[in-house]
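Chain residues, written in single-letter form:
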Amino acid sequence: MNIHEFQAKEVFRAHGIPVPDGRVATTPEEVATIARDLGGPVVVKAQVHSGGRGKAGGVKLAATPDEARHKAEAILKLEIQGLPVRKVLVAPALDIAHEYYLGIVLDRAQGLPLIMVSREGGIEIEQVAREKPEALFRHHFHPVLGLREFEARELATAIEPDAKASRQIAAVLRKLARTYVDIDASLAEINPLILTPAGEIIALDAKINLDDNALFRHPDLAALRDPDTETDEDRAARELGLSFIKLEGNIGCVVNGAGLAMATMDLVKHFGGEPANFLDIGGSSDPRKVVTAIRIITKDPQVRAVLFNIFGGITRCDDVARGLVEAIGQIKVDVPIVIRLVGTNEKEGREILREVSGLTAAETMDEAVQKAIELAGGTPS
Ligand code: GDP
Ligand code: MN
């Protein structure tokens, strides 16, 4: 799960990392009010789950409350990487003497957090890694030991020769590492961390991705989820415990179990088709899941056929069949449906579906996938 910059800054602040003050607004009028309260020049920043906001015109400096209002008006009309801007952060504008990069990600290959630092901050780290790899310092640290004093100092002095500044950077690094571990993040990034002309080190930007699988340990962080950033489909799927990921093809897939879902997608590709989604309805037998799955999939105008691949274990085929009948009763489904049902209660399931017109039954996965591709109009050229 991603959280917004203003939320990430609160998390950093709570861990002792210096961040600027600021407040969130949804209208240009609110922005003007906040700017007046703050006094002096401000920066207005789009709050969307995307990097590169600066380049996209989503970060603007304003000298007066009136200017802040105008800038906010423009920013609140933006779409950044397909994401509409609904909120902005208003913060005092700071003077910058230097911009650094600090970031921590999980290195899955090493099974350790990887901390990365660079003196080349304010630009995307991928670009630094590509164009100036020698300017990027990487170090794995142990999640239980944390980033130790000498490790933090070594990294900080690699990017800042001045002792006073590098001591502050080292302190931020240790706090960032602690934060990353404490909140079960998969990414924690400060880009840029700035040095002000007065010699202060401050996190000017903040980015945190949380590990969904650990969110149950952090109800306070789970509550930061912004419903504005979720599509209706995403929300419906999440609330019913469906794993749904939209893809670019035209074969909608409804499958129980992540492994079978992957195998189904592989097979669709194998026979020359393109899956429109990954969708795992999970192991339980709730007919509502099937209804929601069909609703989500048929909303995608690219879908030309729906492929059901159900291997009944804990999931009972008759429940899936009932869900399907219910869905077809509730939703107008214009595309052909191919279904392969095997396992627990498959006979009962097939019996229920016999009455339903417009369904194509298949015995094997190969057959089901090939039929779905054929009914979707053949393999794409
Ligand atoms: P991003 O583009 O989404 O990463 O947004 P950032 O928050 O990193 O802002 C992009 C750039 O805007 C920063 O690298 C800074 O150069 C600039 N910027 C942001 N806030 C301020 C500020 O308070 N003062 C000044 N002078 N520049 C700022
Ligand atoms: Mn940034």
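Computed from a predicted model, the values in this text were never measured in an experiment. (Residues numbered from 1 in each chain as written. Chains lettered and ligands numbered in written order. Predicted model: local features only at pLDDT ≥ 70, side-chain atom pairs only at ≥ 80, totals over all residues. Heavy atoms only, no water.)

### Observations concerning the overall build of the protein
Reasoning step 1: Looking only at helices and strands, the protein has 13 helices and 18 strands in total.
Reasoning step 2: Split into buried and exposed, the 381 residues of the protein put 47% on the buried side.
Reasoning step 3: Considering only contacts within the protein whose residues lie at least 6 apart along the sequence, 68% involve residues at least 24 apart.
Reasoning step 4: Carbon together with sulfur atoms contributes 52% to the accessible area of the protein, which is approximately 18300 Å² in total.
Reasoning step 5: Side chains of the protein carry 45 positive and 56 negative charges; the gap between the two charge centres is 2 Å. (Helix = DSSP H or I, 4+ residues; strand = E, 2+ residues; numbered from the N terminus. Buried < 20%, exposed > 50% of the residue type's maximum accessible area, 1.4 Å probe, protein only. Contact = heavy atoms within 4.5 Å. Areas by Shrake-Rupley, 256 points an atom, 1.4 Å probe, with all protein chains shown as cover. Lys, Arg positive; Asp, Glu negative; His and termini not counted. Charge placed at Lys NZ, Arg CZ, Asp CG, Glu CD.)

### Side note on the domain arrangement of the protein
Reasoning step 1: Split by domain assignment, the protein resolves into domain 1 (21-92), domain 2 (98-222) and domain 3 (231-375).
Reasoning step 2: Relative to domain 2, the C-alpha centre of domain 1 lies at a distance of 26 Å. (Domains from an automatic or database assignment.)

### Observations concerning the site of ligand 1
Reasoning step 1: Looking at ligand 1, there are 17 residues lining it, with K45, R53, G54, L94 and E99 nearest.
Reasoning step 2: Measuring from an oxygen atom of ligand 1, one finds a backbone N or O atom of G54 at 2.8 Å.
Reasoning step 3: Contacts to ligand 1 include E99, whose side-chain N or O atom sits 2.8 Å from an oxygen atom.
Reasoning step 4: When the free accessible area of ligand 1 is taken as 560 Å², the share hidden by the protein chains comes to 80%.
Reasoning step 5: Contributions of two or more residues to the shell around ligand 1 are made by strand 2 (42-46), strand 3 (59-62) and strand 10 (185-195). (Near = heavy atom within 4 Å. Polar contact = N/O pair within 3.5 Å; in protein donor to acceptor, adjacent residues only side chain to side chain.)

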